[in-house]
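# Breakdown of the fold
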Amino acid sequence: MTMTRAAPGRLAVASVIARREAAAAVHGIGGYLALTVALVAATWILLVDVRALTIGGLLVLADPFGPSLTIALLVVALYLAVSAAVSTARDREIGTLEVLFWGPVDEISYVLGKVGGLLAAFIAALPLLFAVFVLLSLMTGFALTSKMLASLVLSIVPAAVTIGFGVLLAVGTSRVRTAVLLLVAVIAVLLGINFAYNLVLLVPVSDAASPVLPLRDTLAALDEIVRWLSPFSYLERVVDAVTRGAWRSAVLGLGAALGYAAAVIVLAALWLRRRGVQRSGE
Amino acid sequence: MNMPKGFRIPTLILLAALCSGAATAAQADEQLVYRPLVTDGTEYRRVAYPKEAGTLLVLASSEVVFEAYRVPVSYWPITREYLADFTAGTAPVEGTVEIVDSAGSVTTIEPVPYLTWHADGVGAGPMKLISGEETQAFYDDYVAKARDAAEKIKEYQRIVAERQAAVEAWLKIAAERPPTLPKPPPELTIAEPEPYRAYASEPRISAVTALPEGRYTVQLRGADGDIVAGSERVLVSFAPRAEAVGYVLRPEDRWTRPLVTFAPDETVYTTGKTDLFLQPVPVAEYEANQFTRLFRPQSVEATDPSLTVWVPRPQDRELVAGAELALSAEGADLGALAQTPYRVSQLPGAARGYEIEEFTPLAGAALEPDFVAMRLTQDVEATEVALTTDGAPLPGSERQIRSVTPPSGALLFLPALLPLAIGVALRLRRRGRR
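Keep in mind it's a predicted model, so treat the numbers as computed, not measured.

## A short note on the overall build of chain B
On a plain count of helices and strands, chain B comes out with five helices and 28 strands. For chain B, whose C-alpha radius of gyration is 32 Å, the value lies well above the compact-globule estimate of 22 Å for 434 residues. With respect to the three principal axes, the spread of C-alpha positions in chain B is 115 × 95 × 55 Å. Looking at chain B as a whole, 38% of its 434 residues qualify as buried.

Here it is as structure tokens:
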């Protein structure tokens, strides 16, 4: 008699991949190092207010930890995007991807597993982030607000966007090095446009025929496009809206982030199907 | 034409830039431009609305003067604005201003005389719009008072000059050492008249109205009974989303560098090393997108529609007049502080310091206090303050005050090492298990 077992469902497969991914992130030292870097950057931002208070003796703040939290989350999100890209490219480079697809794994369950695993690692890092902010609050006397806690919780959705973005860029590459370089290049372009636009705005223009004007207007249009393309801008938008108590904007930002996350996951799965699971040169 | 792949995107950007540059050469075209006199609650300004500027914005329940002109409009690429040219001194377009509300009912705004009134002087204190039948009488009264004040100053200056001449004459006599020296001229006993600071513009006649919050259409009906072409424009009258009481905070050791707290959810942090002077200010919260465009309707800043801005409303200062600052700590009442006038006096000597002391007005003297505030001394351990009238707190006047002693910068970085410490500990533990 032949025993047959039903193939596990797509979500079950994705959760197995996610568990493996999350365990790798939690057991590796890289995540802890990234959290430390994120918190050093956050403290550095907080020091601006601390110094202003120490020098002036007086300071008025609605949410002292708002800017620090944004920076910390951006650094963690950047790390997650790189991790997602490295992990995805490595799966192909060492042949894991091919082995996985001999089993019940398909493109969408693989991408969902990758994103879900790193997102679980991000969620696991949130209590640690919060604990450090509690310590900073006790040391400085600056008040922690409920908006900060809400920002932490709601940052999960835009974090999924950045992880999905990393997977999307790496899913078609054959080597880890290529994936990382591609991600760095895309991020550099996204940040570079914003930086260049802000730089051009500083150029004094007194002549209506100045060549700076068309450049400025072009960069303004590109900057507007980048606002919708950059996964980091979604994170910034949601956290900033919650910090300001602009709940409508926060909900809209969350909706847009959810849509973008779904789009990058589907695109990554489609690209993976098109590209295939073989290693390069096979 | 075949183009290398890598050059396509830069070429597209360049083309877009050139197209954008071509837009700069746009010729001025004549159009009907509304130029209402609007207020932000503090001052009145004329704001030009070419059709490209979009919806006209006014503060709800504030008086607005509507005027429209037919003038050339051209694009100014530097500020990315369409600018109307009023330099030719064109007269306003003749016609009757009509306001159509969302229900479709039309209100005709009849022209009335109006003037702008600066009670505390130009650039000092809030501006007001005086309109209606009493405008001319108001202006005549202003002119009479201003002339009277000018006459008094002139008379005072004449007396001072006469006395000065008498003193100089006496000094000449005294220099010759006569056997009998006449008495010197007496000291001046009359006080210098207070300068008249107020200013009123000359009355003009235009359509003046105050609109409740809502969305309207403004249009101009010509003498022929038809709507003037291009005069139909959307008008939004917006009201504050919330009202509260803010404070101007002056530390005793930096009184010229005050901080403000307008939003009620803000916390005041202090190191507790100096006294604080709290000046209450009525404030209102507006949608930033609308408020920032009141005076700059073509601003290119992409403001988040949910962003709000708290602005002072000096015209409502009567709301906080006579109110007290109630102090409490962890719910325990610590008393109340009254609003007191203060004057800053320079200390003599090399230290070049100053002292903030209570101001006592002298009869007949023109001296005024530098500010009116409530002094929160550093020894008072209040953690909450609120402005009260008859014991009841004014809405939105509550603030938390936190006296803190932040540690040095290096110490603050210690908590950031916590994740690394946990990561290393977990790794060592796993290695130990193996």
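## A closer look at the interface of chain B and chain A
Between chain B and chain A, the contact holds 48 residues from the first and 50 residues from the second. Taken together, the two surfaces of chain B and chain A that pack against each other cover about 4300 Å², and 68% of this comes from carbon and sulfur. Interface area lost by chain B to chain A is led by Ile 78, Tyr 269 and Leu 412 of chain B, which between them contribute 16%. At the junction of chain B and chain A, the tally comes to two salt bridges. When the shortest N-O distance is used, the salt bridge between Arg 80 of chain B and Asp 217 of chain A registers 3.9 Å. The interface formed by chain B and chain A contains 14 residue pairs in polar contact (both at pLDDT 80 or more). Elements with a minimum of two residues in the side of chain B that touches chain A: helix H1 (8-23), strand S16 (242-251), strand S17 (259-261), strand S18 (267-270), helix H4 (409-412) and helix H5 (418-433) of chain B. Tallying contributions element by element places H5 of chain B first for the side of chain B that touches chain A, with nine residues. Residues of the side of chain B that touches chain A, tallied by class, amount to 29 nonpolar, eleven polar and eight charged.

## What to know about the sheet that holds strand S6 (residues 68-76) of chain B
Paired through their backbone hydrogen bonds, the strands of a sheet run either parallel or antiparallel. All names here are of chain B. The strand order across the open sheet built from three strands is S1-S6-S7, with neighbouring strands paired in antiparallel fashion. The open sheet has two free edges, formed respectively by strand S1 (29-34) and strand S7 (81-84), since each of these has just one partner strand. Sheet twist, expressed as the average angle between the axes of neighbouring strands with direction ignored, equals 50°. As defined by bridge partners, S6 adjoins S7 across four bridges and the pair is classed as antiparallel. Among the inter-strand pairings, Ser 74 is bridged to a residue of S7, identified as Leu 83.

## A closer look at the packing of helix H3 (residues 66-93) of chain A against helix H8 (residues 176-201) of chain A
Residues and elements named next belong to chain A. Direction vectors running N to C along H3 and H8 enclose 150°, while the axes themselves pass 8 Å from each other. Considering their axes alone, H3 and H8 lie roughly antiparallel with respect to each other. Seen from above, H3 lies across H8 with right-handed handedness. Note on element contacts: H8 touches H3 through Val 176, Ala 179, Val 180, Leu 183 and Ile 187, opposite Leu 78, Ala 81, Val 82, Ala 85, Val 86, Ala 89, Arg 90 and Glu 93. Broken down by class, the residue content of the contact of H3 with H8 amounts to eleven nonpolar, no polar and two charged.

## Focus on the packing of aromatic side chains
Enumeration over the complete set of coordinates arrives at 19 aromatic pairs over all chains. Every member of this aromatic cluster is reached through a ring pair, and the members are Trp 117, Phe 138, Tyr 139, Tyr 142, Tyr 196 and Tyr 199 of chain B. When the ring centre of Tyr 234 of chain A is taken as origin, the NZ or CZ atom of Arg 237 of chain A, which lies over that ring, is 4.8 Å away. Against the face of Phe 86 of chain B rests Arg 35 of chain B, its NZ or CZ located 4.1 Å from the ring centre.

## Focus: the pattern of salt bridges
Counting across every chain of the model gives 29 salt bridges over all chains. A salt bridge links Glu 52 of chain B to Lys 51 of chain B; the nearest nitrogen and oxygen atoms lie 3.8 Å apart. A salt bridge links Arg 375 of chain B to Glu 252 of chain B; the nearest nitrogen and oxygen atoms lie 2.6 Å apart. With a gap of 123 residues between them, Arg 375 of chain B in strand S25 (residues 371-376) and Glu 252 of chain B in the loop between S16 and S17 connect regions that are remote in the sequence. With relative accessibility at 22%, the residue Arg 375 of chain B sits in the partly exposed group. For Glu 252 of chain B, a relative accessible area of 25% gives the class partly exposed. Several salt bridges share partner residues, and in doing so they unite Arg 20, Glu 21, Asp 91 and Lys 114 of chain A into one network.

## Focus: the layout of surface pockets
All names here are of chain B. Computed from the structure, the second largest pocket encloses a volume of approximately 720 Å³. Taken together, 21 residues make up the lining of the second largest pocket; nearest its centre are Gln 279, Pro 280, Pro 314, Arg 317 and Val 372. Broken down by secondary-structure element, the contributors of at least two residues to the lining of the second largest pocket are S16, strand S19 (276-287) and S25. When residues of the lining of the second largest pocket are assigned to their parent elements, the largest contribution, four residues, is made by S19. Classifying every residue of the lining of the second largest pocket gives 13 nonpolar, three polar and five charged.

## Some details on helix H11 (residues 247-275) of chain A
Think of an α-helix as turning once every 3.6 residues; residues three or four places apart then point the same way. All names here are of chain A. Between its first and last C-alpha atoms H11 spans 41 Å; for 29 residues at 1.5 Å apiece the expected length is 42 Å, and the two agree. Of all the positions in H11, only Ser 249, Ala 250, Gly 253, Leu 254, Ala 257, Tyr 260, Ala 261, Val 264, Ile 265, Ala 268, Ala 269 and Leu 272 are classed as buried. After H11 finishes, the residue Gly 276 shows a positive phi value of roughly 85°.

## Description of the nonpolar core
In globular proteins that are soluble, nonpolar side chains generally tend to be buried together. Judged by nonpolar contacts, the single largest core of 80 residues is most densely connected at Leu 73, Leu 129, Phe 133 and Phe 142 of chain A. In terms of residue count, the dominant contributor to this core is helix H5 (residues 107-140) of chain A (13 residues). Residues within four places of Phe 142 of chain A in sequence aside, it is in contact with Leu 46, Asp 49, Val 50, Leu 53, Leu 59, Leu 61, Pro 64, Phe 65 and Ser 137 of chain A together with Tyr 269 and Arg 402 of chain B. Among the nonpolar cores identified, the runner-up in size contains 31 residues, and Leu 32, Val 64, Ile 109 and Ala 284 of chain B belong to it.

## Looking at the domain arrangement of chain B
All names here are of chain B. Domain annotation of chain B identifies domain 1 (54-66 + 94-239) and domain 2 (242-359 + 369-410). Computed over C-alpha atoms only, the centres of domain 1 and domain 2 are separated by 30 Å. On the domain 2 side, the residues contacting the eight residues of domain 1 number eight residues. Roughly 720 Å² is buried in total at the junction of domain 1 and domain 2, and carbon and sulfur atoms are behind 74% of that figure.

## Overview of the environment of Val 309 of chain B
All names here are of chain B. By secondary structure assignment, the location of Val 309 is in strand S20 (residues 308-312). Looking at Val 309, the relative accessible area reads 24%, which means it is partly exposed. Measuring from C-alpha to C-alpha, the distance between Val 309 and Thr 292 comes to 8.8 Å, with 17 residues separating the pair along the chain. Not counting residues within four places of it along the chain, the set of residues in contact with Val 309 comprises Ala 284, Glu 285, Tyr 286, Ala 288 and Phe 291.

Cut-offs used in this document
- Residues numbered from 1 in each chain as written.
- Chains lettered and ligands numbered in written order.
- Predicted model: local features only at pLDDT ≥ 70, side-chain atom pairs only at ≥ 80, totals over all residues.
- Heavy atoms only, no water.
- Helix = DSSP H or I, 4+ residues; strand = E, 2+ residues; numbered from the N terminus.
- Rg over C-alpha atoms; globule rule 2.2 N^0.38 Å.
- Buried < 20%, exposed > 50% of the residue type's maximum accessible area, 1.4 Å probe, protein only.
- Contact = heavy atoms within 4.5 Å.
- Buried area = accessible area lost by both parts, 1.4 Å probe.
- Salt bridge = Lys/Arg side-chain N within 4 Å of Asp/Glu carboxyl O.
- Polar contact = N/O pair within 3.5 Å; in protein donor to acceptor, adjacent residues only side chain to side chain.
- Nonpolar A, V, L, I, M, F, W, Y, C, P; charged D, E, K, R; others polar.
- Pairing = 2+ DSSP bridges.
- Axes fitted to C-alpha atoms, helices over the stretch in contact; angles between N-to-C directions.
- Parallel < 35°, antiparallel > 145°, perpendicular 65-115°, else oblique.
- Left-handed = near helix turned anticlockwise from the far one by under 90°.
- Phe/Tyr/Trp six-rings, centres within 6.5 Å; stacked < 30°, edge-to-face > 60°.
- Lys NZ or Arg CZ within 6 Å of the ring centre and 35° of its normal.
- 1 Å grid on protein atoms, 1.4 Å probe; cavity = no way out; pocket = protein on both sides within 12 Å on 5 of 7 lines; lining within 4 Å.
- Points joined across faces, edges and corners; volume = space filled by probe spheres on them.
- Expected span 1.5 Å × (residues − 1).
- Core = buried A, V, L, I, M, F, W, Y, C linked by side-chain atoms within 4.5 Å.
- Domains from an automatic or database assignment.

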